[in-house]
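Understanding the architecture of this molecule
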Amino acid sequence: MNKIYLDNASTTAINSEVLTEMMPYFNSVYGNASSLHSFGRDAKDATEQARQKIASAIGCLPSEIYFTSGATEANNWAIKGIAHANSKKGKHIITSKVEHESVLKACEELEKEGYKVTYLDVDKYGLVRLDQLLHNINKDTTLISIMSANNEIGTIQNIQTIANIAREKGVYFHTDATQAIGSVNISVNDMKIDALSLSGHKIYGPKGVGALFLRNGVAIEKFMVGGEQEKNLRAGTLNTPAIVGLGKAVEIACRDIIANAKKMSSLRNYFIKEVQSKIDMAFLNGHPIQRLPNNINFSFGMVEGESVMYMLDMQGIAVSTGSACSSGSVEDSHVLKALGLAEDLVKGGVRFTLSKSTTKEELDIVVEELQKVIKKLRKISPITKAQVGKLKK
Ligand code: PMP
């Protein structure tokens with residue numbers, strides 16, 4: 001059976017160019033980037049080149065890039081680190097209800113410490129309510145953190161507008177750009193972004209590596225104590241091969257942004273049309289236009305997303321329900337709930353995320369299998385057609 005992978009928002013296959021670039025750093029150039037001898041200097045040169053590549057891809061200085069273990073760490077660090085270092089000014093943070101768990105849970109920790117956090121609502125497409133943002137900024141607000149694009153529904157936020165508001169009000173602005181890098185043009189200087197998180201494995205790079213862009217001058221508390229790596233802010237021996245891979249992956253993602261977005265968005269639109277014309281009660285979640293080129297999220301009436309996912313898996317097709325991080329547990333997607341969907345449609349959510357190598361033939365197979373799976377599940381559904389979309393949240 002030829003397997004089909006449509007879960008690229010969870011993670012991607014590594015690009016062969018990236019892998020090739022990483023290889024020598026496992027067993028040939030293996031020095032510790034902090035060592036002063038030539039082995040160390042060679043490793044350090046490689047990490048500095050990666051830093052330079054990321055900086056030029058997102059429009060900042062290399063000295064403003066800090067390597068982390070991924071976007072989870074970058075988000076935790078940015079939110080808690082900026083909040084703590086600026087607590088004398090105030091203890092109020094603004095974020096949204098549709099952020100990734102690594103942002104939401106970092107904010108919850110701050111709340112336990114006595115900070116006040118405002119979680120902004122989103123509209124039916126998942127766009128943050130800008131009127132609420134303006135209304136909630138006050139003299140104690142030190143940080144606004146809004147994701148560039150949502151991992152579940154693909155909605156791309158009006159980041160430029162939010163960044164402008166933050167700058168005007170003298171509040172730092174952080175964005176989780178994990179899903180947006182390689183799909184959305186981002187220039188942190190032009191856009192007045194103060195901090196940005198990114199991750200390697202969402203953009204055909206290695207897992208367990210990411211970066212935080214932090215504008216020079218923004219006060220932040222250390223993430224970990226130990227060695228003096230990363231300007232004495234994030235201790236720990238640099239993971240040279242992963243960092244080299246991250247640099248290459250970001251470079252390629254930003255270089256090929258137009259071609260990849262064009263290809264994937266046309267396949268995305270094709271898939272959406274096919275599903276809507278062949279399956280009734282298929283409701284698209286997220287913004288119809290302002291969405292990631294590779295993201296499709298449908299709620300199917302009278303079925304549970306989990307069941308669709310398992311039955312497609314039996315046919316060798318990988319999709320997801322909610323975000324990968326919350327699946328495994330049966331908790332409903334906080335993102336679909338924030339859109340205001342009825343309970344059955346929250347449970348009926350299925351996410352299909354394409355890669356740059358996904359083909360039309362693969363999508364045709366998925367639509368065919370999906371039709372069969374949904375037909376079977378609807379036959380045994382406890383929900384009637386008349387109840388679809390009406391069950392209380
Ligand atoms: N933010 C978003 C929007 C994500 O999609 C993810 C990954 N699911 C993360 C943060 C966490 O990234 P990482 O896996 O690199 O920790």
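Quick caveat, the model's predicted, so the values are computed rather than measured.

The rules behind these values
Residues numbered from 1 in each chain as written. Predicted model: local features only at pLDDT ≥ 70, side-chain atom pairs only at ≥ 80, totals over all residues. Heavy atoms only, no water. Helix = DSSP H or I, 4+ residues; strand = E, 2+ residues; numbered from the N terminus. Expected span 1.5 Å × (residues − 1). Buried < 20%, exposed > 50% of the residue type's maximum accessible area, 1.4 Å probe, protein only. Contact = heavy atoms within 4.5 Å. Domains from an automatic or database assignment. Buried area = accessible area lost by both parts, 1.4 Å probe. Salt bridge = Lys/Arg side-chain N within 4 Å of Asp/Glu carboxyl O. Polar contact = N/O pair within 3.5 Å; in protein donor to acceptor, adjacent residues only side chain to side chain. Nonpolar A, V, L, I, M, F, W, Y, C, P; charged D, E, K, R; others polar. Phe/Tyr/Trp six-rings, centres within 6.5 Å; stacked < 30°, edge-to-face > 60°. Lys NZ or Arg CZ within 6 Å of the ring centre and 35° of its normal. Axes fitted to C-alpha atoms, helices over the stretch in contact; angles between N-to-C directions. Parallel < 35°, antiparallel > 145°, perpendicular 65-115°, else oblique. Left-handed = near helix turned anticlockwise from the far one by under 90°. Patch = residues over 30% accessible without salt bridge, like charges linked within 9 Å, V, L, I, M, F, W, Y side chains within 5 Å. Areas by Shrake-Rupley, 256 points an atom, 1.4 Å probe, with all protein chains shown as cover. Core = buried A, V, L, I, M, F, W, Y, C linked by side-chain atoms within 4.5 Å.

1. With respect to helix α15 (residues 360-379)
An ideal rise of 1.5 Å per residue puts 28 Å on 20 residues; α15 measures up with 29 Å between its terminal C-alpha atoms. What α15 keeps buried is the set L363, V366, V367, E369, L370, V373, I374, L377 and R378. Elements that come into contact with the buried residues of α15 comprise β1 (4-5), α11 (257-278), β10 (295-300), α12 (305-314), β11 (317-318) and β12 (349-353).

2. Overview of the domain arrangement of the protein chain
We note that the domain assignment places domain 1 (4-12 + 257-392) and domain 2 (16-255) within the protein chain. Put simply, the middle of domain 1 and the middle of domain 2, counted by C-alpha atoms, are 28 Å apart. Across the contact, 29 residues belong to domain 1 and 38 residues belong to domain 2. Between domain 1 and domain 2 the total buried area reaches about 2800 Å² when both faces are included, carbon and sulfur atoms providing 53% of it. Counting every contact that joins domain 1 to domain 2 gives 0 salt bridges. Counting the contacts that link domain 1 with domain 2 gives 21 residue pairs in polar contact (both at pLDDT 80 or more). Here the element with the most residues in the side of domain 1 that touches domain 2 is helix α13 (residues 334-338); it accounts for 4 residues. Grouping the constituent residues of the side of domain 1 that touches domain 2 by class yields 11 nonpolar, 15 polar and 3 charged.

3. Looking at the packing of aromatic side chains
This structure, assessed with the given rule, holds 5 aromatic pairs. Both rings, one in Y30 and one in F39, keep their centres 5.9 Å apart while their planes meet at 50°; by these two values the pair is tilted. Judged by relative accessible area, Y30 falls into the exposed class, the value being 51%. With a relative accessible area of 43%, F39 lands in the partly exposed category. A connected cluster of aromatic rings, assembled from ring pairs, spans Y66, W77 and F223. The ring of Y115 carries K91 above its face, with NZ or CZ at 5.0 Å from the centroid. Its guanidinium or amino end placed over the ring of Y204, K356 lies 4.4 Å from that ring's centre, counting from NZ or CZ.

4. Considerations on the packing of α12 against α15
It is the contact of α12 with α15, at a shortest axis distance of 10 Å, that shows an interaxial angle of 130°. One element, α12, and the other, α15, form an angle in the oblique class. Of the two elements, α12 crosses α15, and the hand of that crossing is right-handed. Between α12 and α15, the contacting residues are S307, V308, M311 and L312 on the first element and E369, L370, V373, I374, K376 and L377 on the second. Here the contact of α12 with α15 is composed, by residue class, of 7 nonpolar, 1 polar and 2 charged.

5. Here's the deal with a nonpolar patch on the surface
On the surface, I14, L19, M23 and F26 cluster together into a nonpolar patch covering about 360 Å² of accessible area. Considering the arrangement of structural elements, one finds L19 in helix α1 (residues 16-22).

6. Re the nonpolar core
Membership of the largest hydrophobic core comes to 64 residues, with the highest contact counts inside it found for I65, I144, F173, I186, I193 and L196. Sorting elements by how many residues they give to this core places helix α10 (residues 240-255) first, with 7 residues. A domain-level breakdown of this core finds at least three residues from each of domain 1 (4-12 + 257-392) and domain 2 (16-255). Once residues lying within four places of it in the same chain are set aside, the contact partners of I144 are I94, L133, I137, I162, A166, V171, Y172, F173 and H174. Formed by 28 residues, the second largest nonpolar core is a distinct cluster that contains F300, L312, V319 and L363.

7. Quick notes on the pattern of salt bridges
Enumeration according to the criterion identifies 22 salt bridges in this entry. K347 is the salt-bridge partner of D332, the closest N and O atoms lying 2.9 Å from each other. Of the two residues, D332 is situated in the loop between β11 and α13 and K347 in helix α14 (residues 343-347); the sequence distance between them amounts to 15 residues. Judged by relative accessible area, which is 28%, K347 ranks as partly exposed.

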